[in-house]
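Single-letter residue listing:
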Amino acid sequence: MDRRAAITLMAKSMGLAIAFPTIVSTLSACQDNAGKENNTAKYNLKYLTSRQYHLVSGLVDVILPETDIIGAEKLNIAQFIDLILANTMKAKDQVEFSIGATLFEVQIKEQFNVSAVTASVEHYHQLLSSFFSLSEQDQQQIFSQQKLPAHEIEKTEIDNYYLYKFLLTTRELTLLGYYTSEFVGENILNYDPVPENYQPCIDVAEVGNSWAS
Amino acid sequence: MPADNCLTFDAIVVGSGMTGGWAAKELTEQGLSVLVLERGRNIEHGKDYPTAHQDTWDLPFRGKPTQTDLKRQHKQARSPFLVNQANKHWFVNDIEHPYSEKKRFDWHRGYHVGGKSLNWGRQCLRLSEQDFSANKQDGHGVDWPVRYQDIAPWYDKVEHFIGVMGESLNLPQLPDSKFLPAMPLNCVEQHFRNKLSQEFSDRTLTIGRVANLTQDKGFEGRGKCQYRNRCTRGCPTGSYFSANASTLPAAERTGLLTLRTNAIVSEICYDNDSKLATGIKVIDAKTHEKLTFKSKVIFCCASTIATTSLLLQSKSKRFPNGLGNDSGELGHNLMDHHFQVGARADVKGFDDKYYKGRRPVGFHIPRFRNIEGQDNHVDFVRGYGFQGYCSRSKWQRGIKKMSFGKQLKESLLKPGSWRIALIGFGECLPYHENKMTLDYQKLDLWGLPTVNFDCQFKENERKMREDMKEQAIDMLSKAGYENVTPYEQEAIPGHAIHEMGTARMGDDPQTSVVNKYNQLHGVANVYVTDGSFMSSSAYQNPSLTYMAFTARAAAHAVKQFYLRKNDHG
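These figures come from a predicted structure and were not determined experimentally.

Draft legend 1. Quick look at the overall build of chain B. The number of helices and strands found in chain B is 10 helices and 20 strands. For chain B, whose C-alpha radius of gyration is 24 Å, the value lies close to the compact-globule estimate of 25 Å for 569 residues. Along the longest, intermediate and shortest principal axes, the C-alpha atoms of chain B span 80 × 55 × 50 Å. For chain B, buried positions account for 65% of its 569 residues.

Draft legend 2. Summary view of the pairing of strand 9 (residues 276-284) of chain B. Residues and elements named next belong to chain B. Where burial is concerned, most of strand 9 is hidden: seven out of the nine residues are buried. Sheet topology places strand 8 (residues 263-271) next to strand 9; eight bridges connect them, and they run antiparallel. What sits directly across from Tyr 270, in strand 9, is Ala 277. Between strand 8 and strand 9, which follow one another and run antiparallel, lie four residues, and Lys 275 among them has a positive phi close to 60°. Bridge count between strand 9 and strand 10 (residues 290-300): five bridges; the pairing is antiparallel. Bridging across to strand 10, Lys 281 finds its partner in Thr 292. Linking strand 9 to strand 10, which pair antiparallel, is a turn of five residues; within it His 288 sits at a positive phi near 65°.

Draft legend 3. A look at the interface of chain A and chain B. At the interface, 81 residues of chain A touch 62 residues of chain B. Between chain A and chain B, a total of about 6400 Å² is buried, with carbon and sulfur atoms accounting for 62% of that surface. For the pair chain A and chain B, the number of links is two salt bridges. Across the salt bridge formed by Asp192(A) and Lys356(B), the nearest N and O atoms sit 2.9 Å from each other. The greatest single-element share of the side of chain A that touches chain B, amounting to 10 residues, is contributed by helix 8 (residues 158-179) of chain A. Across the side of chain A that touches chain B, the residue classes break down as 50 nonpolar, 20 polar and 11 charged. Pairing analysis gives three bridges linking strand 1 (residues 199-203) of chain A to strand 12 (residues 353-356) of chain B, with the strands arranged antiparallel. Across the sheet, Ile202(A) pairs through a bridge with Tyr354(B), a residue of strand 12 of chain B.

Draft legend 4. Geometry of the sheet that holds strand 16 (residues 435-443) of chain B. Residues and elements named next belong to chain B. Strand order across the open sheet formed by three strands is 3-17-16, with mixed pairing between neighbours. Here the strands that pair on one side only, and so sit at the sheet edges, are strand 3 (100-101) and strand 16. Strands in contact with helix 7 (residues 304-313) are strand 16 and strand 17 (449-454); relative to strand 16, the strand with the most contacts, it is inclined by about 65°.

Draft legend 5. Expanded view of the packing of helix 6 (residues 121-132) of chain A against helix 8 of chain A. Residues and elements named next belong to chain A. Helix 8 packs onto helix 6 with a crossing angle of 115° between their chain directions and a minimal axis gap of 11 Å. Comparing their axes, helix 8 and helix 6 come out roughly perpendicular. Crossing handedness for the pair helix 6 and helix 8: left-handed. For the pair formed by helix 6 and helix 8, the contact residues are Leu 128, Phe 131 and Phe 132 on the first element and Asn 160, Leu 163, Tyr 164, Leu 167, Leu 168 and Arg 171 on the second. For the contact of helix 6 with helix 8, the class distribution of residues is seven nonpolar, one polar and one charged.

Draft legend 6. The sheet that holds strand 18 (residues 482-488) of chain B, seen in detail. Residue and element names in this part refer to chain B. Strand order in the open sheet made by the six strands is 6-13-14-15-11-18, with antiparallel pairing throughout. Taken across any chain shown, the strands that pair with only one partner, and hence form the sheet edges, are strand 6 (206-207) and strand 18. Taken together, the six bridges between strand 11 (residues 341-347) and strand 15 (residues 418-426) define a ladder with antiparallel strand orientation. Across the sheet, the residue bridging to Arg 344 is Ala 421, located in strand 15. Docked against the sheet, helix 5 (residues 187-199) engages strand 6, strand 11, strand 13 (363-365), strand 14 (384-392) and strand 15, running at close to 15° with respect to strand 13.

Draft legend 7. Region of the structure containing the side chain of Ser79(B). Residues and elements named next belong to chain B. Counting through the fold element by element, Ser 79 comes out in the loop between helix 2 (67-72) and strand 3. A residue is classified by how much of its surface remains accessible, and Ser 79, at 15% relative accessible area, is buried. Look past the residues within four positions of Ser 79 in its chain and what remains in contact with it is His 108 and His 495.

Draft legend 8. Up close: the state of the cysteines. Inspection of the entire model under this criterion finds one disulfide over all chains. Across the disulfide from Cys201(A) sits Cys187(B); the S-S distance is 2.4 Å. Where Cys201(A) bonds to Cys187(B) through sulfur, the torsion about that S-S bond is close to 110°, and the disulfide is right-handed. Taken together, the residues Cys201(A) in strand 1 and Cys187(B) in helix 5 connect one chain to another. By relative accessible area, which is 38% here, Cys201(A) ends up partly exposed.

Rules behind the numbers
Chains are numbered independently. Their residues run from 1 in the order of the written sequence. Starting at A for chains and at 1 for ligands, labels are handed out in the order in which the entities are written. The predicted nature of this model means local features are confined to residues of pLDDT at least 70 and side-chain atom pairs, given and counted, to a pLDDT of 80 or more, with totals for whole chains, interfaces and linings taken over all residues. The side-chain numbers reported here are obtained from all heavy atoms of the structure, hydrogens and water having been left aside. Strands here mean DSSP runs of E at least two residues long; helices mean DSSP runs of H or I at least four residues long; both are numbered from the N terminus. Two things to know: the radius of gyration comes from C-alpha atoms, and the globule rule equals 2.2 Å times the number of residues to the power 0.38. Partly exposed describes any residue whose relative accessible area lies between the buried limit of under 20% and the exposed limit of over 50%, with all areas from a 1.4 Å probe on protein chains only and scaled to the type maximum. The rule for pairing is simple: two strands pair if DSSP sees at least two bridges between them. Here a residue-residue contact requires only that any non-hydrogen atoms of the pair lie within 4.5 Å. Buried area adds together the accessible area that both of two parts lose upon being put together, with accessible area traced by a 1.4 Å probe. When a carboxyl oxygen of Asp or Glu lies within 4 Å of a side-chain nitrogen of Lys or Arg, that pair is called a salt bridge. Under this grouping Gly is polar, as are all residues other than the nonpolar Ala, Val, Leu, Ile, Met, Phe, Trp, Tyr, Cys and Pro and the charged Asp, Glu, Lys and Arg. Only the stretch in contact is used when fitting a helix axis, every axis being a line fitted to C-alpha atoms; angles between N-to-C directions are given from 0 to 180 degrees. By the definition adopted for this analysis, an angle is roughly parallel if under 35 degrees, roughly antiparallel if over 145, roughly perpendicular if from 65 to 115, and oblique otherwise. Two helices that cross are described as forming a left-handed crossing if the nearer one is turned anticlockwise from the farther one by less than a right angle, and a right-handed crossing if clockwise. Here, two cysteine sulfur atoms that lie within 2.5 Å of each other are counted as a disulfide.

If you want it as structure tokens, here you go:
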């Protein structure tokens, strides 16, 4: 049942009258449909350029691909990433993301002689693999380096720094957009808006997937 | 209900939150007409909790604050959880409400009916006999003029009304409350509890004691906890205690309550002939109109920093350094708990176990250091406890990785491994030099001086934190958990949002600001019952204690009120 119905039912059973804030529906409507499935409404990019949007879309599809479970592309996660970039990120982080995106686009051209728009899923998969298939040790080195500010990075390393900034940010925002989306939260993860009680020790098999936030 | 233009009341209560609500309830229930002044906006219980029902995908940007939000609330943002989209409206705009700090002090607060009682952590721990004698024992601060037996009946009364859930342990250092049925521990918490009792003889683990209802009989207008764990957003069923759900409605029911919002109390008026306060001056927050209200009794419940600011602002010929400040201690002896130190670990072997429901509290390990009669051989005085959290990780465990594809997607849909964390909360000694002062060079939008903080944790706290970390590591290691990792952030005063002291209680008017009934020394009809009266901090979350002292002080004030009334015919 939807959460409003669940809460109303709960309140009735306790003999309480509760009022729903009218602002709830207003806020939901303001979400721009970014990160929702079956969005056919036109989305106006707020931060990414059109080419960057293609890059991000390509990566999103490789990071969390469509299988028998919905993938990130169908949930318009690239639009969600654009929204997050535009509204919540520091200017410095936005700029570094853009530099990394440009460098990645250059990589696509150099490796496959195609543009961001014409590159295929296979191209994105191959290129992302080359960046992400590192040893555990090398991965940790990258993560440590990412913690430093750009001006502390050696000139010979700076392109790599921005590339990973772009790729890791895209990956993290893909995860955020996917796992906290309404579709995944309500249909794939276990959705329990009003648990009513606490069961401290159940078998995982009873529920299977993780609880949605 | 008194007429809208009424300017005289039996009692005035400054602040509508944790203690203001209690003062209002107690005073009105005992027949006094009460004006409660709240500097912030009105909040209608249930209706004005805009994020209460929202899932992550309903929140703008999945809860992430915007850069504009962060600039507007740049000091509140020092505690990131406070300024996410679910909670940000409960905390001040730092540009409108600035303060200064000689050393970093994180002053977190919001201005609205209910105050911090709307988004508090709900932990309710009684102070013990040992806590009330601590200052006398080791000579730090001044002796409390009360002992546990004086306050115990008031803890009983408050708990009976607000509802506190927990498990009785019969520990002298942490007295039991009159508990509602305890929420259960999950399987790993049970395992940890058993391991602790096997490996240690001096400590135990219990469910955190919180003001959430596990039964609702006898709690008017409030329902049982539904395990949504969205308390900080305001609970439409009043399942945790807040002034809005509980004490203010009780005061309303008497017909004797007047609540005025957007009302900044700027001064308490003192009359030298009667040696009593006569009333207060108010600046309307919106119109800047100036008003005066009169009363026979005044309760200062504006929260620690705000109450002491008000007292410091209330200067007169008799009290040139602030109302009731003969001692010079007003503003001094500022304390806060230090926390954000402990350890974390991974727990293997329970992969087939999970839980259902979001329990709104973790577990608690009560103080086991420097307990009377025990000898720990530690190099610090006073004590600390742990709040603990134990759960299975979610999709966020996948962030700091470079995996991608079908397997990543599917694995992050499943619950991750069990993780456990111990976060210590430690006592802070009362140091005279830890203080707040008023800066008359930096006035706020209403022409009132702003606060300047000069406060830091010192040697005793530093040594205690070393022990907190070591003990946390030891406990998790002895339990057999893996990857035991210490955890420590720099301790910043104010960050725990338990700021207290600055108008401390004591017998001697030369060294304290209020007496054993929370009356200002020298101004018998002004009571100070929010955190500012605390003479020591103990380790326990303090709100329950503030409420108990408020109920006790109100009873005293009512008695005085009727005596005086009878005297004058």
